[in-house]
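One-letter residues, chain by chain:
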Amino acid sequence: MKDRVRIMDGKATAALVRAEVAEDVARIVERGVRPGLAVVLVGDDPASEVYVRNKDRAATEAGIAVRTLRPEATISQPDLEALVRELGADGSVHGILVQLPLPAQLDPAGVVEAIDPRKDVDGLHPRNVAALAMDLPGLVPCTPAGCIELCDRYGIELAGRHAVVVGRSQLVGKPVAQLLLARNATVTICHSRTADLAGVVGTGDVIVAAVGRAGLIRGEWIRPGACVLDVGINRGADGKLCGDVEFGAASARAGAITPVPGGVGPMTIAMLLKNTARAAEAALDAVASPGRTTGAGI
Ligand code: NAD
């Protein structure tokens with residue numbers, strides 16, 4: 001008979017990570033600097049409001065000074081880029097986060113490029129994307145980093161295992177695949193044109209689902225004993241939040257699985273705080289030993 005599935009509790013794990021970050025922040029404050037996070041929220045998208053409020057609360061609890069800037073939805077591209085550059089030049093700001101999506105008239109790529117890469121706590125600036133691809137130090141996107149952190153905390157072996165990532169977005173699919181590769185997993189990336197999704201998923205020892213379609217990954221596809229990380233956030237037919245994986249049926253086969261909600265989601269915010277503390281520490285180290293690059297100092 002199959003062992004009981006382990007539910008990977010992202011809420012509890014994120015609380016541990018956040019407590020560790022609070023200790024790191026206290027150490028940084030002793031060095032004379034309070035880590036600062038600037039959140040830019042353009043317009044009044046209700047979902048973004050909720051995300052930003054949660055980030056603000058968690059960062060404040062960890063001892064990080066949070067500043068939320070709320071430009072009007074009608075702000076122009078040059079004005080938004082100028083605002084982001086000003087934050088880059090502000091010594092009290094160590095992390096900059098531009099909440100996406102932006103209103104339709106704005107080009108997110110241009111705004112992200114205006115972020116100082118050393119303060120890019122979402123890990124989306126081309127410099128950080130390149131650093132990840134080249135195994136160089138840099139800031140890593142929060143949700144993918146959260147997936148790896150969960151695996152580490154639950155003792156999930158990655159080296160030599162077959163990891164199947166479903167989804168190839170810049171935000172989740174591609175960076176999580178690169179992080180898994182850096183951990184010596186054998187990685188397959190699936191996407192909307194993959195011919196036999198069920199067949200490929202069925203060969204995975206570790207599955208990362210990052211699509212945004214409720215129940216796309218069927219429980220019966222899961223290889224017995226596999227570890228399933230469900231990144232998707234969807235509203236099910238019953239109106240409740242659910243992931244991309246058929247949770248009940250997948251739990252009957254998996255060795256470990258993340259629930260939705262309470263799995264990968266809480267880890268994302270914890271990793272944002274961790275990135276902000278790292279960026280602040282790297283800024284301090286750069287002042288202490290100019291010319292030396294450490295941590296996030298790419
Ligand atoms: P996205 O829309 O940018 O990318 C979705 C990907 O899924 C694409 O690469 C596409 O090729 C692939 N895809 C679409 N249909 C498919 C199919 N039928 N079979 C296989 N692949 C298919 O989305 P994203 O930004 O990567 O987000 C994915 C999901 O993760 C969403 O539900 C989002 O809300 C969620 N998300 C959660 C967190 C978190 O903190 N937990 C963070 C970011 C995103």
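In this report, we go over the structure that sits alongside the text. Please read these numbers as outputs of a predicted model, since none were measured by experiment.

**Observations regarding the side chain of T143**
Topologically, T143 is positioned in helix α6 (residues 142-153). Judged by its relative accessible area of 15%, T143 falls in the buried class. Separated by 3.0 Å, the side chains of T143 and T268 make a polar contact. With near-sequence residues (within four places) excluded, T143 lies in contact with V172, V231, V264 and T268.

**With respect to the pairing of strand β5 (residues 162-166)**
By the criterion of burial, β5 is predominantly enclosed, with five of the five residues buried. Side-chain alternation along β5 places H162, V164 and V166 on one buried face and A163 and V165 on a second face that is also buried. The pairing of β5 with strand β6 (residues 186-190) spans five bridges and is parallel. If you follow V166 over to β6, its bridge partner there is C190. In this region the chain leaves β5, passes through helix α7 (residues 173-182) and returns to the parallel neighbour β6; the handedness of that crossover is right-handed.

**Comments concerning the site of the ligand**
Around the ligand, the structure places 21 residues, and the nearest of them are R168, S169, G212, I233 and T268. A distance of 3.0 Å is found between an oxygen atom of the ligand and a backbone nitrogen or oxygen belonging to I233. Within the side chain of T268, an N or O atom sits 2.7 Å from an oxygen atom of the ligand. When the ligand sits alone it has 860 Å² of accessible area, and the protein chains cover 72% of it. Of the residues belonging to the shell around the ligand, the class tally is nine nonpolar, 10 polar and two charged.

Analysis parameters
Residues numbered from 1 in each chain as written. Predicted model: local features only at pLDDT ≥ 70, side-chain atom pairs only at ≥ 80, totals over all residues. Heavy atoms only, no water. Helix = DSSP H or I, 4+ residues; strand = E, 2+ residues; numbered from the N terminus. Buried < 20%, exposed > 50% of the residue type's maximum accessible area, 1.4 Å probe, protein only. Polar contact = N/O pair within 3.5 Å; in protein donor to acceptor, adjacent residues only side chain to side chain. Contact = heavy atoms within 4.5 Å. Pairing = 2+ DSSP bridges. Right-handed = clockwise from strand over helix to strand, strands pointing away. Near = heavy atom within 4 Å. Areas by Shrake-Rupley, 256 points an atom, 1.4 Å probe, with all protein chains shown as cover. Nonpolar A, V, L, I, M, F, W, Y, C, P; charged D, E, K, R; others polar.

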